[in-house]
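Observations on the model geometry
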Amino acid sequence: MRCARAARANGKRGEADGSFRADRLKRMILSEFLAENRKPVLLDGAMGTQLAAAGLAMGGQTNLTHPEAVLAVHRQYVEAGAGLLITNTLTMNRIYIETHHPGLDVREVNLAGARLARAAAGEGRYVLGDISSTGQMLQPYGDLSEEDAFKAFQEQAAILAEGGVDGFIVETMFSLAEALCALRACRAAADLPVIVCISFSTVANGGRTIMGDSAQDCALTLTGAGATAVGANCGDLDPFQTAEVVARMQEAGSPLLIAQPNAGKPKLVEGRTVFEMSPSDFAAGLYRCYQAGARLLGGCCGTSPQHIRAAAELLKKGEEEA
Ligand SMILES: [Zn+2]
């Protein structure tokens with residue numbers, strides 16, 4: 001077993017018989033680290049747009065077709081300063097796979113995703129298993145029952161846990177109801193921390209998702225259901241607007257906040273969605289998210305290792321001046 005808990009348990013046993021060596025324990029259990037740490041922690045940036053830039057498919061299937069390319073992107077984020085890596089398994093749940101990637105093996109693609117991130121993270125950094133939407137609306141707006149969605153999320157989370165992730169990140173969720181279902185499923189699958197990011201479509205009216213959920217409702221509901229951290233990623237907001245949503249969640253009393261904005265607002269250019277914010281502007285916006293209360297900071301669509309490196313430098317400078 002590669003998980004932190006096993007490492008720690010072994011360490012404690014070792015301590016009792018006198019053979020314990022501190023340098024064998026390179027990281028704390030993630031839940032303890034997140035509970036104790038008050039400094040900003042960087043996550044990685046986008047995987048999909050990096051793979052697309054290399055001419056590869058953006059989804060989790062690339063874990064199986066081009067594992068070396070996925071590993072290389074993870075490693076670039078480590079070099080840029082990320083302490084938490086996210087697996088390339090967004091939407092790799094059974095429901096999304098059956099509707100969008102028939103023939104892809106749920107187990108293989110998620111195990112590969114966990115192992116690739118784990119290989120880049122080594123023993124010193126954390127890996128979060130990425131879980132996102134089924135791509136279908138829950139009842140009563142759509143046909144998908146909560147029970148079926150729960151089963152698909154639980155199955156994916158259990159496989160990611162088997163692959164050695166330190167925790168889960170439920171992200172790019174446009175509906176609080178679906179995010180809540182995924183959070184509960186992760187908690188049922190493994191005793192690991194769950195971070196939940198909601199995608200907001202506007203900062204107006206207290207920050208709203210496309211389904212009308214407010215930032216405050218999201219923060220209160222998800223924290224009440226046991227999320228270790230809550231926050232915002234992706235959506236139609238730029239990093240400065242994401243900071244405003246984070247501030248709303250802070251007011252709601254969330255214990256730990258996360259922000260992973262896109263590299264600016266999505267723009268449609270010749271039929272393609274592009275994100276044009278420069279690394280330095282992105283870093284300034286992400287720093288605003290930090291000032292608004294977020295301690296976990298990363299990037300979503302359009303962000304590259306350069307964006308994360310710029311953020312790392314700005315956060316370091318801020319700490320030195322503080
Ligand atoms: Zn995004």
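What you are looking at is a predicted structure, and each value in this text was computed from that prediction instead of being measured. Position labels on residues start from 1 in each chain and follow its written sequence. In keeping with the predicted nature of the model, local features appear solely for residues at pLDDT of at least 70, side-chain atom pairs appear and are counted solely at 80 or more, and the whole-chain, interface and lining totals rest on all residues.

Regarding the overall build of the chain
To qualify as a helix, a DSSP run of H or I must reach at least 4 residues; to qualify as a strand, a run of E must reach at least 2; elements of each kind are numbered from the N terminus. Counting its regular elements, the chain contains 13 helices and 10 strands. As defined in this context, the radius of gyration uses C-alpha atoms, and a globule is described by 2.2 Å times the residue total to the power 0.38. Taken over the C-alpha trace, the chain has a radius of gyration of 19 Å; the compact-globule value for 322 residues is 20 Å, and the two agree within 12%. Seen along its three principal axes, the alpha-carbon backbone of the chain occupies a region of about 60 × 50 × 40 Å. The proportion of buried residues among the 322 residues of the chain is 52%. The burial criterion counts other C-beta atoms lying within 10 Å of a residue's C-beta, which is placed from the backbone; the residue is buried at 20 or more, exposed at 12 or fewer, and partly exposed between these limits.

Notes on the packing of helix α10 (residues 215–224) against helix α11 (residues 239–251)
Helix packing geometry: the angle between the two helix axes and the distance between the axes. Taken N-terminus to C-terminus, the directions of α10 and α11 make an angle of 50°; their axes are 8 Å apart at the nearest point. On the basis of the axis angle, α10 is oblique to α11. Crossing of α10 over α11 shows right-handed handedness. Contacts between α10 and α11 involve Ala215, Gln216 and Ala219 on the former and, on the latter, Val245, Arg248 and Met249. Following the grouping adopted for this structure description, the nonpolar residues are Ala, Val, Leu, Ile, Met, Phe, Trp, Tyr, Cys and Pro, the charged ones are Asp, Glu, Lys and Arg, and the polar ones are all others, Gly among them. Split by residue class, the contact of α10 with α11 holds 4 nonpolar, 1 polar and 1 charged. Axis geometry follows a simple rule: fit a line to the C-alpha atoms, using only the stretch in contact for helices, then measure angles between N-to-C directions, giving values from 0 to 180 degrees. For this classification, under 35 degrees means roughly parallel, over 145 means roughly antiparallel, 65 to 115 means roughly perpendicular, and everything else is oblique. A clockwise turn of the near helix away from the far one marks a right-handed crossing, whereas an anticlockwise turn of less than a right angle marks a left-handed crossing. Residues are treated as contacting if the C-beta atoms built from their backbones sit within 7 Å of each other.

Some points on helix α12 (residues 279–291)
One less than the number of residues in a helix, times 1.5 Å, gives the span that helix is expected to have. In this model α12 runs 18 Å from its N-terminal to its C-terminal C-alpha over 13 residues, within 8% of the 18 Å that 1.5 Å per residue would give. Among the residues of α12, those classed as buried are Pro279, Phe282, Ala283, Gly285, Leu286, Tyr287, Arg288, Cys289 and Tyr290. Check the buried side of α12 and you find it contacts α11, β7 (257–260), β10 (294–297) and α13 (305–321).

Topic: the sheet that holds strand β1 (residues 41–42)
Strands are treated as partners if at least two bridges between them are detected by DSSP. Taken in spatial order, the 8 strands make up an open sheet running β1-β10-β7-β6-β5-β4-β3-β2, and their pairing is parallel. Of all strands in the sheet, those bounded by a partner on one side alone are β1 and β2 (84–86). Direction of pairing for strand β3 (residues 126–131) relative to strand β4 (residues 167–173): parallel, over a ladder of 4 bridges. The residue bridging leucine 128 from the neighbouring strand is glycine 167, located in β4.

Some words on the confidence of the model for the chain
The predictor attaches a confidence to each residue, called pLDDT, with possible values from 0 through 100. Per-chain confidence: the chain averages 91 in pLDDT, with 92% of residues scoring 70 or above. Here residues 1–25 is modelled with pLDDT under 50, and outside its nearest four sequence neighbours on either side it reaches 18 contacts, counting other chains as well.

Structural notes on the nonpolar core
Membership of the largest hydrophobic core comes to 99 residues, with the highest contact counts inside it found for Phe168, Val170, Cys186 and Val196. Residues contacting valine 170, with those up to four places away along its chain left out, are Ile131, Ala179, Ala182, Leu183, Cys186, Val194 and Val196. Joined through C-beta atoms within 7 Å, a set of buried Ala, Val, Leu, Ile, Met, Phe, Trp, Tyr and Cys residues constitutes a nonpolar core.

A short note on helix α8 (residues 146–162)
For the α-helix, the turn length of 3.6 residues means that residues three or four positions removed from each other point alike. Spanning 17 residues, α8 covers 24 Å between terminal C-alpha atoms, matching the ideal 24 Å at 1.5 Å per step. Taken together, the buried positions of α8 are Ala149, Ala152, Phe153, Gln154, Gln156, Ala157, Ile159, Leu160 and Ala161. The inward-facing, buried residues of α8 contact α6 (94–100), α7 (106–121), β3, β4 and α9 (176–189). Positive backbone phi, at 100°, marks glycine 164, one or two positions downstream of α8.

Overview of the environment of methionine 211
One can find methionine 211 in the loop between β5 (194–198) and α10. Since 16 C-beta atoms lie within 10 Å of it, methionine 211 is described here as partly exposed. With 10 residues separating them along the chain, methionine 211 and serine 201 place their C-alpha atoms 9.1 Å apart. Residues contacting methionine 211, with those up to four places away along its chain left out, are Phe174, Ser175 and Leu176.

Focus: the pairing of β10
Inspection of the sheet shows β1 paired to β10 by 2 bridges, in the parallel sense. By the bridge assignment for β10, leucine 42 is matched with leucine 297. Summarising the sheet, β7 and β10 pair through 3 bridges and their orientation is parallel. Its bridge partner lying in β10, leucine 257 is registered against alanine 294.

A short note on the packing of helix α5 (residues 67–80) against α7
Close contact between α5 and α7 brings their axes to 9 Å; oriented N to C, the two are set at 40°. Taken together, the axis directions place α5 and α7 in an arrangement best described as oblique. Handedness of the α5/α7 crossing: right-handed. Where α5 abuts α7, its residues Pro67, Val70, Leu71, His74, Arg75 and Val78 lie against Ala112, Leu116, Ala117, Ala119 and Ala120.

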